[in-house]
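Each chain, written out:
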Amino acid sequence: MDLAIIVLIQVLYAVASLVIISSGLAVIFGMMKVINLAHGEFMMLGAYGVIGSLRLGINLWVAIFIVAPIAVGVMGIVLERLVIRRLYGRMIDTMLATWGLSLLLVGVVTSVAGNTTAGVSAPMGSFSVGAYSVSSYTLVIIAVAVALGLAIRLVLMHTQLGLIARGTMQKPDMANALGISPSLVYSVTFAVGAALSGLAGALLAPLTGVVPTMGGAFVAKAFITVIGGGPAILAGLVSASTLFGAINQLATFATTPVFGEVALLAAAIVMLRMLPQGITGRFFKRSL
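Notes on the structure follow.

Analysis parameters
Residues numbered from 1 in each chain as written. Predicted model: local features only at pLDDT ≥ 70, side-chain atom pairs only at ≥ 80, totals over all residues. Heavy atoms only, no water. Phe/Tyr/Trp six-rings, centres within 6.5 Å; stacked < 30°, edge-to-face > 60°. Helix = DSSP H or I, 4+ residues; strand = E, 2+ residues; numbered from the N terminus. Buried < 20%, exposed > 50% of the residue type's maximum accessible area, 1.4 Å probe, protein only. Salt bridge = Lys/Arg side-chain N within 4 Å of Asp/Glu carboxyl O.

### Remarks on the packing of aromatic side chains
Working step 1: Under the defined criterion, the tally for this structure stands at 5 aromatic pairs.
Working step 2: Relative to Phe190, the ring of Phe42 has its centre 6.2 Å away and its plane inclined at 90 degrees; by these criteria the two rings are edge-to-face. One end of the pair, Phe42, is in helix 2 (residues 39–55); the other, Phe190, is in helix 8 (residues 182–204), with 148 residues separating them in the sequence. Take Phe42 and Phe190: they sit in the same class, and that class is buried.
Working step 3: On the basis of an interplanar angle of 15 degrees and a centroid distance of 6.2 Å, the ring pair of Trp61 and Phe65 is categorised as stacked. Here Phe65 and Trp61 lie together in helix 3 (residues 60–82), a separation of 4 residues that amounts to about one turn.
Working step 4: Relative accessible area serves as the criterion here: at 29%, Trp61 is assigned to the partly exposed category.
Working step 5: Judged by its relative accessible area of 37%, Phe65 is partly exposed.
Working step 6: An aromatic cluster of three or more residues is present, and its members are Trp61, Phe65 and Tyr137.

### Considering the pattern of salt bridges
Working step 1: Summed over all chains, the structure comprises 3 salt bridges.
Working step 2: Close ionic contact of Arg85 with Glu80 constitutes a salt bridge, the shortest N to O distance being 3.4 Å.
Working step 3: We classify Glu80 as buried; its relative accessible area is 0%.
Working step 4: For Asp93, the salt bridge identified is with Arg90, shortest N-O distance 2.7 Å.
Working step 5: A relative accessible area of 40% means that Arg90 is categorised as partly exposed.

Written out as C-alpha cells, the structure is:
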C-alpha cells in the first residue's frame, strides 16, 4: 500500500512537471504558431533568476513566483519586439531565429555566470509514507500545475483579455478592424508565454542543477507534449502530460530513468503515428 501511494505521488509529479514545463510553449507555439526553440533557454533564465535573487537576499518563494517570471516576461517582450515580430507567419524563419536566440542566450549566460553548476536547496523538507520518504516540494509542484491549468482556463475562457487574445490569433485583420492592436496582443501573449517558461525554470531550479545548457534537457519534452496534445491548448496540454508523464514514471519505476525517457519518446512516436493531429485532433475537439 505504501509503495502504491509513492508510485501515485511520483506519477502525479511527473505529469505536473510536464504541465509546468510545457505551459509556456503551449501559449507561444499552440496559440501563436511560433516555433520557439529558445523555450529551454527561457526556463534557464528563470532558474538563474532564482539564483541571482537568493544571492541578493530575496526570499525563495518571492524569487520563484514573482522575480523570475517577471524578469523573463520582460525579456520576452524585448525579444518579440526586436526579432520575433518581423517573422510571424514564417514558421521556418522563426525556428531558425529562435535557435539563434537560444545559442546567444547560452553564450551570454555562460560568459556571465560561468559553466559551473549552481544549486538551490529544495525547501520544506520531506514527509514519510511508511518506510519511504518523499520531498514535500513534490506536492508544491503538483499544486502549482493544477493552479496553472485552472488559471489558463479561467483567463482564456472567462475574461475579456483571453477572448481578445484568442480572437486576435485567429483573425488579426478582424481584430484590427475592431480597434484592437494585433501587434500589442502578440507582444503581450509572447511575454506571457515567456513568463510561464521562466516560472517553470524557477520551480525546477531546486530539483535540478542550474547550468547555462540546462534548457536542452526540457525543450524536447515540451515540444513532444505540446505537439502530442494537438490543437486544443489546455486540453491537449493536460491530456498529453498525463499520458507521457505516466508512461515515463511507470517505466522508470519498472526499469531505470534512462529507459523511462526512452519509453516517453517511443510513446510519442507511436501516438503521433496513430493520431497525426494529436490527442485533441481526435478527442476533446470542442475543448479549449
